[in-house]
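For reference, the chains in residue letters:
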Amino acid sequence: MPHSARRSASAAKFSGGQIGWRFSPHWSVQAWYDEADGDLESKYDSGERWDAKNIFASLRYHMDGVNFLGFEPYAGVNLGDFELENLTNSSTGAEGDKRHSFMTGVEVGIQRA
């Protein structure tokens, strides 16, 4: 694809949001959604372009009462769906093909207490 036909990073759409609810001193749930409609490029310079979407939820345990400069540590588990949509016809699929990956993970971090 010629350089003039590629969309610039400034024309790409990256959006998302997150919401959470702390239902006890030690426990919270979080949910977030994000998408990149920016014609993401393949790392192998194959000319393929992709849109990506993530939908995740997590359950977190907060170490209430432990404080590091106004931040509180937490640990949790998360799960969600990662979707890639092919925007080009290629050897890996036709335009419009979608791939879903169910993902799970462990998270640790700090947040404002």
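A short tour of the structure in this document, coming up. Only a predicted model underlies this, so the values are computations on that prediction, with no experimental measurement involved.

## Some thoughts on the packing of aromatic side chains
- In total, this model carries 3 aromatic pairs according to the counting rule given.
- Judged by centre distance (5.4 Å) and plane angle (45 degrees), the ring pair of Trp21 and Phe23 falls under tilted.
- The class of Trp21 is exposed, set by a relative accessible area of 57%.
- For Phe23, a relative accessible area of 39% puts it in the partly exposed group.

## Quick notes on a nonpolar patch on the surface
- There is a patch of nonpolar side chains on the surface, built from Trp21, Phe23, Trp27, Val29, Leu59, Tyr61, Val77, Val106 and Val108 and spanning about 890 Å² of accessible area.
- Every element with two or more residues in the nonpolar patch is listed here: strand 2 (27–41), strand 3 (49–62) and strand 5 (98–112).

## Examining the pattern of salt bridges
- A full pass over the atoms with the stated rule returns 3 salt bridges.
- A salt bridge links Glu107 to Arg60; the shortest N-O distance between them is 2.7 Å. With Glu107 in strand 5 and Arg60 in strand 3, this pair connects stretches of sequence that are 47 residues apart.
- In the salt-bridge network here, residues are joined through shared partners; they are Arg22, Asp64 and Glu72.

## Thoughts on the environment of His26
- Note that His26 resides in the loop between strand 1 (13–22) and strand 2.
- In this structure the C-alpha to C-alpha distance between His26 and Tyr61, which are 35 residues apart in sequence, comes to 5.4 Å.
- Each residue touching His26, except ones within four places of it in the same chain, is listed here: Arg60, Tyr61, His62 and Asp64.

What counts and what doesn't
Residues numbered from 1 in each chain as written. Predicted model: local features only at pLDDT ≥ 70, side-chain atom pairs only at ≥ 80, totals over all residues. Heavy atoms only, no water. Phe/Tyr/Trp six-rings, centres within 6.5 Å; stacked < 30°, edge-to-face > 60°. Buried < 20%, exposed > 50% of the residue type's maximum accessible area, 1.4 Å probe, protein only. Patch = residues over 30% accessible without salt bridge, like charges linked within 9 Å, V, L, I, M, F, W, Y side chains within 5 Å. Areas by Shrake-Rupley, 256 points an atom, 1.4 Å probe, with all protein chains shown as cover. Salt bridge = Lys/Arg side-chain N within 4 Å of Asp/Glu carboxyl O. Helix = DSSP H or I, 4+ residues; strand = E, 2+ residues; numbered from the N terminus. Contact = heavy atoms within 4.5 Å.

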